[in-house]
Amino acid sequence: MSAAPDIVIVGAGIVGAACARECARAGLRVLVLDRGPIGGGTTAAGMGHIVVMDDSPAQFALTACSRRLWQELAPELPAAVEYDPCGTLWVAADEQEMAEVHRKAAFYRERGVRVEVLEGDDVAAAEPALRPGMAGGLRVVDDAVVYPPAAAQHLLESQENTRRIEVRPGVTVAAVNEDGGVTLADGTRVRAGLAVNAAGPWSPLLAPGLPVRKRKGHLVITDRHPGFVHHQIVELGYLKSAHAVTADSVAFNIQPRKTGQMLIGSSRQFGAEGTEINSDILDRMLRRAFEYLPGLGRLSAIRAWAGHRAATPDKLPLIGPSLVSDRIWLATGHEGLGITTSLVTGRLLADHVLGRAPAIPVEPYLPARLGKGATLHA
Amino acid sequence: MPERVELSVNGRALSVPWGTTVAAAVALAGETRFRRSVHGDARGPLCGMGICFECRLTINDEPHARSCLILCADGMEVRTDE
Amino acid sequence: MNSARLSFDLVVVGAGPGGLAAASVAAERGGSVALLDNSPWLGGQIWRGEQARPAVPRARQWIERFLASGARAVMQASVFASPDRGVLLAETPAGRLTVRFKQLILATGARELFLPFPGWTLPGVVGPGGLEAMVKAGWPVAGRRVVVAGSGPLLVAVADGLRRYGARIPLIAEQAPQVRLARFATGLWRYPEKLSQAVAMKARLLGIPYRAGIWPRRAEGRERVERVVLTDGKRSWTVECDLLACGWNLVPNTELPRLLGCALAGGFVRVDEFQRSSVAGVFCVGELTAIAGGDAALVQGQIAGLSAAGAAGAARELFAERWRWHRFGAALTRAFALRPELRALAGRETVVCRCEDVSREAVERCRDAREAKLHSRCGMGPCQGRICGAATQFLFGWESDSIRPPVFPVRVESLLTASEHSKPVSNLSDPTP
């Protein structure tokens, strides 16, 4: 790229990649910098679940819109992305959770999201590996699964985009500047019209005071055991527990990969900096999974690993101009939903840059909502 | 210790000396293809010491067993090419 | 899940010569000692089969010494994790094993180096050492034509062994040039016990055709190897065969020491004169510290075992002998260094990662092992990069990716920690990934 790029994006994860793609499609020249390889940070530590969520209206709007964008993109995704519209199965262990199934079903149906309510026997038929006696479940038909690092790579390197996107992996950014450029670790200044901080859990390093915290998660992947489960299966059991946002926690979440491998999650920890395996939390995560899938323990585990998500206080991402400078954008804080919400994040960025009407109302995601914390920029 | 062990390989009965590994029993049964690779190619043992995972097959319905490390036992049901 | 716990003063991992020697001398001096190995037999790879059918006097001697030493053998135990200091987790056919130790001696040995070439994934293309091990466990080779190829002193030993089981050996193809082998052989006067094993000479004595400076270009066949195309770099010719035993010398099994944090130097574990690694209480012996053969491992094992038992003086008496074998190992490494032409054997479409069927072309697009894992799946399979990792190191100079437990695939339930009494699961989180 000879001339200065229009936009410089820090972070070649799925969010940075989606931002780059949308801007390139809009005709802008984009430079993407990452200290590691494409999709090597949070993107490599996520499950790749594309899921509609309903914790809040804003979360629903974001996930539903982004899932639609994934569906539109699906036909062009190469095999390596492993896009699989396997659907999500939320399982209800008892009648209390079943009530939640009905509530969710009504909420989704009103908004045009395809769902099926399954009673006990139907759940057993849909997923015979589940322990007997489940009260039921909710099948969200159009939810899907991708392999996130390959998805990020496709967003950056698909034929139509390569002309306008330059990716420089292995380049560390030291500072994001108010004039829209960045300063590299070696002192080089890169000029651009707009800088996007899409550095996920590491975004506060470039925006001190940003209320984004690292939230560690563990994953285990098995050898190929095709057909062990058929949907991404997630528990509803977390409803009954205290919804602590500070304590360590685990939940049953399993994903069938297109390869036939099973990806097992999930855990959440604050204050755990390293990516080493914490055997205690791994233990709890697996025990929870065994409660739902008694046969899971016999499968062959190939790898366990851990990574960090970028968590915000209100569980919504930061998408929009930083209060320091309108030439610095934030696209971070996507927590465990970054694969799903990456595409809409890119779309909202492009809408803003081009002065288009936003795809969905942006107010719930603007960094300004979190007040002073989001504005600090030493 | 019994001198011989009776097992089946792909449904065919086989008698091997005690101390024979499952990998060797499969070869004695005349099979060369232990498994299919991800792209469907024929594969057989490579390292012979439990490192390479090429000799994987199904023993008593359990997949991914490393046949070069496992000794034949009476009544074992071994299936290749899965 | 079945789960057992054991506790010892000293735990030794690996029941080859180094591990047997270490466990024996330590146990003879008192204290509780356990020897863990992932196979059903004592002896490791080099002395495989010696426990059931002794043929090598020294192997029998050490196995008997071990059995009389009071050390405990824990067989078919694959060590896959170390969740805390002084704790190893192993998987056995009976379930998961938690082993506590005060001191640890790692003697995990080496595996054969396999390099990709067209046809190397065909059934019947096997490692020479691997084939010998399988033959000792009943693999039939009587009357079969086995071309033995690759590099290293192992080739002749294996060919000799295979012939005893009735195999026909049309040829041993050693990639190292004749001139280097001759220089190595003339240096062997320092090691009279090795002289009879001088590779080319021994092959001649055995009557097996042995040629230096040639190597396989490709293997061919339908669903199994039927012939191999050999080359001397100038011309190529075809040899019909039933099996191609091809390996390119050895690479150390450093996964476990790396998991424990032992510092490496030049691909081997760095140890001091008492075989101590950089991690307190952890010793490493044998091929982990240098490719120098079973004799070196025996001496190193004794030194480590004696040091662990507090007998530093007795250990010192073995330093001179160890030095001798280290010089031998260094000469071996020089003689059998791999020629650069081997880097060009794999074509663009040749599979490099056998677990995931990843071609050289796909791997080569990446900048390092981590990126290759993320974007080509090279190293993502059950061998955890043990085969392709060594190959990409030779082909592209890549260092292996970081190591995490489990260092071997294990049943998912084996990953549970030692706290068998389940804590109640509280604080369930919302379940997005």
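Helices and strands together make up the secondary structure of chain B, namely one helix and seven strands. For chain B, the C-alpha radius of gyration of 12 Å lies close to 12 Å, the compact-globule estimate for 82 residues. Across its three principal directions, the C-alpha atoms of chain B cover 40 × 25 × 20 Å. By the burial criterion, 56% of the 82 residues in chain B qualify as buried. Considering only residue pairs separated by 6 or more positions, chain B has 37% of its internal contacts joining residues 24 or more positions apart. Split by element, the accessible area of chain B, about 3300 Å² in all, is 49% carbon and sulfur. Treating the 9 positive side-chain charges of chain B as one cloud and the 11 negative ones as another, the clouds have centres 7 Å apart.

Scanning chain A for helices and strands turns up nine helices and 19 strands. The C-alpha radius of gyration computed for chain A amounts to 20 Å, which stays within 12% of the reference 21 Å derived for 378 residues, consistent with globular compactness. For chain A, the spread of C-alpha atoms along the principal axes amounts to about 60 × 45 × 40 Å. Looking at chain A as a whole, 63% of its 378 residues are labelled buried. The contacts in chain A between residues at least 6 apart in sequence include a share of 75% that link residues at least 24 apart. Here chain A displays about 12900 Å² of accessible surface, and carbon together with sulfur accounts for 54% of that area. Once the 39 positive and 40 negative side-chain charges of chain A are each reduced to a mean point, those two points are 4 Å apart.

Residues and elements named next belong to chain A. Taking every second residue as pointing to the same face, both faces of strand β12 (residues 194-197) are buried, with L194 and V196 on one and A195 and N197 on the other. Bridge count between strand β1 (residues 7-10) and β12: four bridges; the pairing is parallel. Looking across to β12, one finds that I7 is bridged to L194.

Once their charged atoms are close, side chains differing in charge can pair, the charge on each being opposite to the other. What the rule picks out here adds up to 58 salt bridges over all chains. One salt bridge in this structure joins R139 of chain A and E116 of chain A, with 3.0 Å as the shortest N-O distance. Of this pair, R139 of chain A sits in strand β6 (residues 136-140) while E116 of chain A sits in strand β5 (residues 115-119); the two residues are 23 residues apart in sequence, bridging distant segments of the chain. Classification of E116 of chain A as partly exposed rests on a relative accessible area of 33%. With a shortest N-O distance of 3.1 Å, R43 of chain B and E54 of chain B are connected by a salt bridge. Taken together, the residues span a long stretch of sequence, with R43 of chain B in strand β4 (residues 42-43) and E54 of chain B in the loop between β4 and β5 (56-59) at a distance of eleven residues. In terms of burial, R43 of chain B and E54 of chain B fall into one category: buried.

So, on to the interface of chain A and chain C. Counting residues at the interface gives 65 residues for chain A and 38 residues for chain C. If you look at where chain A meets chain C, you find three salt bridges. On the surface where chain A and chain C come into contact, there are 13 residue pairs in polar contact (both at pLDDT 80 or more). Among the elements that take part in the side of chain A that touches chain C, helix α7 (residues 279-292) of chain A stands out by supplying ten residues, more than any other. One ladder, built from two bridges, connects strand β17 (residues 300-311) of chain A with strand β22 (residues 410-411) of chain C; its direction is antiparallel. Note on β22 of chain C: the bridge partner recorded for S300 of chain A is R411 of chain C.

As a further point, take the interface of chain B and chain A. Taken together, the five residues of chain B in the interface contact four residues of chain A. Carbon and sulfur atoms supply 43% of the area that chain B and chain A bury against each other, a total of about 400 Å² over both sides. In terms of surface lost to chain A, no three residues of chain B exceed V38, E62 and H64 of chain B, which account for 81% of the buried area on that side. Counting the contacts that link chain B with chain A gives two salt bridges. A salt bridge links E62 of chain B to R298 of chain A; the nearest nitrogen and oxygen atoms lie 2.5 Å apart. Linking chain B to chain A there are four residue pairs in polar contact (both at pLDDT 80 or more). Ranked by residues supplied to the side of chain B that touches chain A, first place goes to strand β6 (residues 62-66) of chain B with three residues. Here the side of chain B that touches chain A is composed, by residue class, of two nonpolar, one polar and two charged.

Core analysis: the largest hydrophobic core is formed by 90 residues, its most contacted members being L131, W139 and I172 of chain C. Of the domains in this structure, domain 1 (3-111 + 251-333) and domain 2 (114-243) of chain C are the two that each give at least three residues to this core. When sequence neighbours within four positions are dropped, the list of residues in contact with L131 of chain C reads V126, W139, V141, V146, L162, L243 and A245 of chain C. Formed by 87 residues, the second largest nonpolar core is a distinct cluster that contains M262 of chain A together with A149, L342 and V352 of chain C.

Thresholds, definitions, all that
Residues numbered from 1 in each chain as written. Chains lettered and ligands numbered in written order. Predicted model: local features only at pLDDT ≥ 70, side-chain atom pairs only at ≥ 80, totals over all residues. Heavy atoms only, no water. Helix = DSSP H or I, 4+ residues; strand = E, 2+ residues; numbered from the N terminus. Rg over C-alpha atoms; globule rule 2.2 N^0.38 Å. Buried < 20%, exposed > 50% of the residue type's maximum accessible area, 1.4 Å probe, protein only. Contact = heavy atoms within 4.5 Å. Areas by Shrake-Rupley, 256 points an atom, 1.4 Å probe, with all protein chains shown as cover. Lys, Arg positive; Asp, Glu negative; His and termini not counted. Charge placed at Lys NZ, Arg CZ, Asp CG, Glu CD. Pairing = 2+ DSSP bridges. Salt bridge = Lys/Arg side-chain N within 4 Å of Asp/Glu carboxyl O. Polar contact = N/O pair within 3.5 Å; in protein donor to acceptor, adjacent residues only side chain to side chain. Buried area = accessible area lost by both parts, 1.4 Å probe. Nonpolar A, V, L, I, M, F, W, Y, C, P; charged D, E, K, R; others polar. Core = buried A, V, L, I, M, F, W, Y, C linked by side-chain atoms within 4.5 Å. Domains from an automatic or database assignment.

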